[in-house]
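Structural overview for review
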Amino acid sequence: MCYLQNQYPESRYAKLIRRLNEVSPKDGWFTEHYGGDRNGGSALQPSGLKKPWQIHNTRKLDGIRHEIDRLALSPLERAVALSSLILALDRVDNTIGHFVFYLNTWSARSYNDLVLEVPKVFVTDRPNEVTRKDVFDICGADVDLAYFDPPYGSNNEKMPPSHVRYASYYHLWTTVCLNDCPDLFGKAKRCCDSSDRIAGSVFEEFKSNERSGRFLAVEALERLIKATSARWVILSYSSGGRGTAEDINRVLTECGTLVDVVKLDYQRNVMAGMKWTHEWLCKTESPHHEFLFLIDKS
Ligand SMILES: C[S@@+](CC[C@H](N)C(=O)[O-])C[C@H]1O[C@@H](n2cnc3c(N)ncnc32)[C@H](O)[C@@H]1O
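Residues numbered from 1 in each chain as written. Predicted model: local features only at pLDDT ≥ 70, side-chain atom pairs only at ≥ 80, totals over all residues. Heavy atoms only, no water.

On to the side chain of Thr175. Mapping Thr175 onto the fold places it in helix α7 (residues 171-178). For Thr175, a relative accessible area of 2% gives the class buried. Residues contacting Thr175, with those up to four places away along its chain left out, are Trp29, Phe30, Asp180, Pro182 and Cys191. (Helix = DSSP H or I, 4+ residues; strand = E, 2+ residues; numbered from the N terminus. Buried < 20%, exposed > 50% of the residue type's maximum accessible area, 1.4 Å probe, protein only. Contact = heavy atoms within 4.5 Å.)

So, on to the nonpolar core. Of all hydrophobic cores here, the largest spans 34 residues; its most connected members are Leu20, Trp53, Ile64, Leu85, Leu89, Leu114 and Leu116. Those elements that place two or more of their residues in this core are α1 (14-21), α2 (29-34), α3 (55-70), α4 (75-91) and α7. No other element matches α4, which puts 9 residues into this core. If near-sequence neighbours (up to four positions away) are discounted, Leu89 is found in contact with Trp53, Leu61, Leu114, Trp173 and Val176. With 24 residues, the next largest nonpolar core counts Leu224, Ala230, Cys255 and Phe291 among its residues. (Core = buried A, V, L, I, M, F, W, Y, C linked by side-chain atoms within 4.5 Å.)

What follows covers the packing of aromatic side chains. Any two aromatic rings considered together are summarised by their centre-to-centre distance and by the angle between their planes. Within this structure, the stated rule accounts for 9 aromatic pairs. Ring geometry for Phe99 against Trp173: centres 4.9 Å apart, planes inclined by 80°, an arrangement best described as edge-to-face. Placement of the pair is Phe99 in the loop between α4 and α5 (135-138) and Trp173 in helix α7, with a sequence separation of 74 residues. Taking 5.8 Å as the distance between ring centres and 90° as the angle between the ring planes, the aromatic pair formed by Tyr169 and Tyr170 counts as edge-to-face. Note on Tyr170: relative accessible area 30%, which makes it partly exposed. Each member of the aromatic cluster is reached from another via a ring pair, and the members are Trp53, Phe99, Tyr102 and Trp173. Across from the ring centre of Tyr8, 3.8 Å away, lies the NZ or CZ of Arg12, which sits over that ring. (Phe/Tyr/Trp six-rings, centres within 6.5 Å; stacked < 30°, edge-to-face > 60°. Lys NZ or Arg CZ within 6 Å of the ring centre and 35° of its normal.)

Right, let's get into the environment of His56. Relative to the assigned elements, His56 resides in helix α3. For His56, a relative accessible area of 21% translates into the label partly exposed. Spatially, the C-alpha atom of His56 lies 8.6 Å from that of Asp37, the residues being 19 residues apart in sequence. Each residue touching His56, except ones within four places of it in the same chain, is listed here: Arg38, Ser110, Tyr111, Asn112 and Asp113.

Below, the discussion takes up the packing of α1 against α3. Each pair of packed helices can be summarised by the angle the axes make with each other and by the distance between the axes. The interhelical angle for the contact between α1 and α3, taken along N-to-C directions, is 135°, at an axis separation of 9 Å. Taken as axis vectors, α1 and α3 run oblique relative to one another. Where α1 approaches α3, its residues Arg19, Leu20 and Asn21 are matched on the opposing element by Lys60, Ile64, Glu67, Ile68 and Arg70. The residue inventory of the contact of α1 with α3, partitioned by class, reads 3 nonpolar, 1 polar and 4 charged. (Axes fitted to C-alpha atoms, helices over the stretch in contact; angles between N-to-C directions. Parallel < 35°, antiparallel > 145°, perpendicular 65-115°, else oblique. Nonpolar A, V, L, I, M, F, W, Y, C, P; charged D, E, K, R; others polar.)

We now examine the pattern of salt bridges. Enumeration over the complete set of coordinates arrives at 11 salt bridges. Here Asp93 makes a salt bridge to Arg109, at a shortest N to O gap of 2.8 Å. Placement of the pair is Asp93 in the loop between α4 and α5 and Arg109 in the loop between α4 and α5, with a sequence separation of 16 residues. The exposure class assigned to Asp93 is buried, which follows from its relative accessible area of 2%. Glu254 is the partner of Lys226 in a salt bridge, and the nearest nitrogen-oxygen pair spans 3.8 Å. (Salt bridge = Lys/Arg side-chain N within 4 Å of Asp/Glu carboxyl O.)

See below:
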């Protein structure tokens, strides 16, 4: 919403963000559960738990999050404030990007102060809609192009399925948005809603369909693309995902014509076009790569 429904220039939010930066730090729920002392460089606390932020920053988080709820913000201002807070927390965290476990030694950035900045918003005059519905409930929408970026699951049989779920990776961002002080469990203090029993997505399903022998996650992808009304579909998928290259290729060819494939190399931050569309099948070797597939369903 912060980006897709914004109608104002960045300057419109400068006062709000300045005000949030000036809020007094305080001890609150986030500090109690996620704030750690420096301990001469070790993020391991006397409790035996490692922490995702240093305490000076969770105290700011507690103050700012309380202030966001206290201010009478419009839904758009609230979205901008929360996005700004999440981006700022990300800049000072002690993680490798998710919240399933935390680093042993405080990261260099975790010593910095939490400072909010106005997100790089752009003005849109389009009546964009933002929704959090299940994708199967909205894939019939009347649009030209549907872009799907589903969770990939993992093809690493040794990794517990719970460790590759988005809900467990990013539970803390959900908690920052909701500010609902959820019940927590485990060493990383995950919110209870991100537990294995509750938070799975069919796209992360590890099991196979007993009758067809195909992965349930792959069958779900096929069902989704077939049910999609849009003529053009872009699907992103990782070569380290649950479905093998052959599985995904079968889905793509069953659902329409594969028009183009782009391979993304995050380390080098480049995109490579494929000379011929099925070339990607030979390019799925380690390390994992992400592919964008353009499918014409007509
Ligand atoms: C790879 S992430 C997408 C990340 C996104 N492109 C971004 O840049 O933030 C996969 C997302 O799909 C969502 N998801 C999983 N199953 C879903 C479903 N059935 N309906 C809607 N969203 C779903 C997950 O919650 C997760 O946010």
